[in-house]
Amino acid sequence: MAKEAAAQYHGSRRIKGLEVMNLKFASAIGEAEDPIALQEHFFAMGWTDGLPVVPPTPERVAEFLEASWLEPWDVICSIPTRNRTITAEKVAINCVMAGCLPSYMPVVIAILEAMSEPAYRFHGAITSTGGSAPFVVVNGPIRQELAMNSGTNVFGPGNRANATIGRAVRLIIMNVAGAQPGVLDRSTQGHPGKYTFCIAEAEEVSPWEPLHVERGFDVNRSTVTVFAAESAHGIQNHQSGDPEELLTCISREIASIGAFSFGQSVLVLTPEHAKIVAKSGWDKKRVKEFLFENSTQTLADLKRFGKLPANFGDDFRRKGAEVVMERAGLSPEDIAALVEIGGRAEAGDNTKFSRGLRPDDILLIVAGGEAGGHSAFIPSWSRERASIFQTKAIVEGCDVCSI
Amino acid sequence: MTIRYLNPVQEADVVPASMAPRLKSLEGANLGLLANGKANAANLLAMIGEELNARFKLGRIVAEHKGSAANNCSPDLLDDLMRRCDAVITGNGD
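Values in this document were obtained by computation on a predicted structure and should not be read as measured data.

**Q** How would you explain the pairing of strand β5 (residues 75-79) of chain A if you had to name every residue and give the values?
**A** All names here are of chain A. Here 4 bridges tie β5 to strand β6 (residues 84-87), and the two strands are oriented antiparallel to one another. Across the sheet, residue S78 finds its bridge partner in β6, namely T85. The antiparallel hairpin formed by β5 and β6 contains 4 residues in its connecting segment, where N83 sits at a positive phi of about 55°.

**Q** Please provide a residue-by-residue account of the interface of chain B and chain A, values included.
**A** Of the residues lining the interface, 23 residues belong to chain B; the matching set on chain A comes to 40 residues. The element best represented in the side of chain B that touches chain A is strand β1 (residues 3-6) of chain B, accounting for 4 residues. Grouping the amino acids of the side of chain B that touches chain A by side-chain chemistry returns 10 nonpolar, 10 polar and 3 charged.

**Q** So, the packing of helix α9 (residues 243-254) of chain A against helix α11 (residues 284-294) of chain A: which residues are in play, and what are the values?
**A** Residues and elements named next belong to chain A. Look at α9 against α11: their axes get within 8 Å of each other, and the N-to-C directions meet at 55°. Here α11 runs oblique to α9, going by the angle between their axes. By crossing handedness, the relation of α9 to α11 is classed as right-handed. Here L247, T248, I250, S251 and I254 of α9 lie close against α11, whose contacting residues are V287, F290, L291 and N294. When the residues that make up the contact of α9 with α11 are grouped by side-chain class, the tally is 6 nonpolar, 3 polar and no charged.

**Q** Help me get a handle on helix α1 (residues 41-56) of chain B, residues and values and all.
**A** Residue and element names in this part refer to chain B. Given a rise of 1.5 Å per residue, 16 residues ought to cover 22 Å, and the 22 Å separating the end C-alpha atoms of α1 matches this to within 8%. The set of residues buried in α1 consists of A41, A42 and L45. Across the axial projection of α1, the buried residues extend over an arc of 85°, all falling on one side. For α1, the exposed residues lying more than 90 degrees away from the buried face are N43, E50, E51, A54 and R55. If you follow the buried residues of α1, they end up packed against β2 (31-35), β3 (61-65) and β4 (87-91). Just downstream of α1, K57 is the residue with a positive phi angle, here 55°.

**Q** I'd like to hear about the domain arrangement of chain A, residue by residue, with values.
**A** Many structure descriptions define interface size as the accessible area lost when the parts assemble. Each assigned domain of chain A is listed with its residue range as follows: domain 1 (11-230 + 380-393) and domain 2 (296-354). Each of domain 1 of chain A and domain 2 of chain A has a C-alpha centre, and the two are 35 Å apart.

**Q** Would you mind going over the sheet that holds β4 of chain B in detail, with residue names and values included?
**A** Residues and elements named next belong to chain B. Taken together, the 3 strands give an open sheet; going across it, the order is β3-β2-β4, and neighbouring strands pair in parallel fashion. Of all strands in the sheet, those with a lone pairing partner are β3 and β4, marking the two edges. Averaged over all neighbouring strand pairs, the angle between strand axes comes to 20°, with direction disregarded. In terms of strand pairing, β2 meets β4 through 5 bridges, oriented parallel. Residue pairing across strands places L33 opposite I89, the latter belonging to β4. Helix-sheet contacts for α1 involve β2, β3 and β4, and the interaxial angle to β2 is about 165°. Lying over the sheet, helix α2 (residues 75-84) contacts β2, β3 and β4, oriented at roughly 175° with respect to β3.

**Q** Which residues make up the confidence of the model for chain A, and what values go with them?
**A** Residue and element names in this part refer to chain A. Mean pLDDT for chain A: 91, with 90% of residues reaching 70 or above. Low pLDDT, under 50, characterises residues 6-10; the stretch is placed with 12 contacts to residues that sit more than four places away or in other chains. A low-confidence stretch, residues 14-20 stays under pLDDT 50, and its non-local contacts, those more than four residues away or across chains, total 9 contacts.

**Q** Kindly report on the environment of C249 of chain A, identifying the contributing residues and their values.
**A** Residue and element names in this part refer to chain A. Here C249 shows up in helix α9. Look at C249 and you get partly exposed, because 18 C-beta atoms sit within 10 Å. As for C249 and G373, which are separated by 124 residues in sequence, their C-alpha atoms are 12 Å apart. When residues no more than four places from it in sequence are discounted, the contact partners of C249 are N237 and S240.

**Q** So, the packing of helix α3 (residues 88-98) of chain A against helix α7 (residues 160-175) of chain A: which residues are in play, and what are the values?
**A** Residue and element names in this part refer to chain A. Packing of α3 against α7 brings their axes to within 8 Å, and their N-to-C directions diverge by 130°. Relative to α7, α3 is oriented oblique. The element α3 and its partner α7 pack so that their crossing is right-handed. Across the interface between the two elements, V91, N94, C95, M97 and A98 of α3 pack against T164, R167, A168, L171, I172 and N175 of α7. Among the residues making up the contact of α3 with α7, the classes are represented as 7 nonpolar, 3 polar and 1 charged.

Cut-offs and rules
Residues numbered from 1 in each chain as written. Chains lettered and ligands numbered in written order. Predicted model: local features only at pLDDT ≥ 70, side-chain atom pairs only at ≥ 80, totals over all residues. Pairing = 2+ DSSP bridges. Helix = DSSP H or I, 4+ residues; strand = E, 2+ residues; numbered from the N terminus. Contact = placed C-beta atoms within 7 Å. Nonpolar A, V, L, I, M, F, W, Y, C, P; charged D, E, K, R; others polar. Axes fitted to C-alpha atoms, helices over the stretch in contact; angles between N-to-C directions. Parallel < 35°, antiparallel > 145°, perpendicular 65-115°, else oblique. Left-handed = near helix turned anticlockwise from the far one by under 90°. Expected span 1.5 Å × (residues − 1). Buried ≥ 20, exposed ≤ 12 C-beta atoms within 10 Å, placed from the backbone. Arc of directions from axis to C-beta. Domains from an automatic or database assignment. pLDDT = per-residue confidence, 0-100.

Laid out in C-alpha cells, this is it:
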C-alpha cells in the first residue's frame, strides 16, 4: 500500500560543493512500502504511460533541479487554456519518472518552452482527436554530450536519451498539463510516437546545413525543434539514383490523400537518399521547392475523396473569414496564402494544390542508418494550420550564476 | 523498505467564478451564438438559434466565431458579446 500526506520535503541543495539554500517542495510526499507497491500505486493513480517508472524521490528530484540550476518554484511555462502553470519541480519529478539523467532536463525544458509558444497550440495539440505527439529534433553539440542517436534505428528503441526525453514530455503532458488519455486527451487512435518521439539530426553525415543553422542559430548552439506530429509514413526506395526520380517518389508520399492538408510536414531523409540528391548539386532550398511543387492533389480528387467540403474556397473568402482566421491565431502570411488558395479554387477541378503553403513548410532533416533507402514523412496534426513548428535554444548551466 | 516519492500531478490554477444572473425569459432577448471553431459548430448553433427564435421571438441573434477550438476566446470578443447580448450560447459541432 502506498500512502500520501500533504507533507513537504525540506532538504539542502548543493551547487559546486556549497550548500546554498534549503529546498522546499510544493508537492505532497507519499510513501510506499516497497518498489512493487509504488509501481502499483502509480499505475492505479493513472500517473504513468502504462510502463513502470523510476520512483521520484525527493533526493533524486533535487539532483535534477541542481543540474538545471532551477529552483522548485521556477515557472517553466504556462498553458492559459488549461489554467496550468508548469514549475521546474513538476518537470523534474516527471523527468525522474521517465528514466532521464539529470543532464537531460535542459532539453525537456526547451521542448516545453517551444510547445508553449502560442502558434504551437499546446492545449489543442495534446487533447485533439487528431492524436498528435510532439516530435522533437535535437541539434547542436548536446547531441554528443547526451550520446543521442541520429543513426541506425533512429525512431526505434535502444537509446536512453532519445527514449526518456520523449517519454518525459509525455508524462508531463499527462500529469502536469492534465491531458490524461481518455479524459482530456481525446485522441481517436493516437500513435506509437505518443510514448516517445525524439531524435537527433545526423549533422555529421548530412550534406547540408543542420536544421538549427537553417533556422537562424549558430552551429555551436544546441536547440530543439518541436512539431505536433501525426504518425510517420515510411518511404522505401532502393532503386533510384536520380534526384528528380527519387524526390518525385517522396513527393507522392507527402501528398498522400489521407494525410493531405495545408499544414506543415517533416521529411526525415535517410543519409543514402540525401547523398543521392546532394551529389547532383541540389541544396536544401531546391529540394524543398521541388517537394512543394510536386506534393500536389487536384481539387477534383480532394472533392472525390471527401477531403474538402463542397464549398471549399468560400471558407477562406466569405465575409469575415480573415477575422476568424486571425482569431484562430494564424499569421498574416498564412491568412493571405489561404485567401489566395480560396481564390484559386474558382479555376476549376483541375487546379492543383500543394501540401502546405510554401516550401519552408517542409522541415527537412537527415537521420537514420547509413545503409538503406528508408526515409520518413511525418504529417502535421490538424486539418489545417492549427500548429506551427517551433525551435528553441537549450540553455545549459547558468549564465547568470557566479557560484 | 519504505520509499518516499513526490506527487507528479499539477492541479489547475483555480479561480472562483460565479454564475451569470439567469434571464427571466428569452422573449425579446438578444441572443449570442459563439461557435468554437469546429467544422459544424456554427451550423449547429444557427439551428438552435432558429428554434429558440421560433419559440420565444428573440430580439436579435448575434452569430460569432472564436476562431479555433484550440484557443481561448479573445477578451475583446467576450466584451463585445457582453455589450451586444443578453445571453450567449456556445458549443462544439465537429
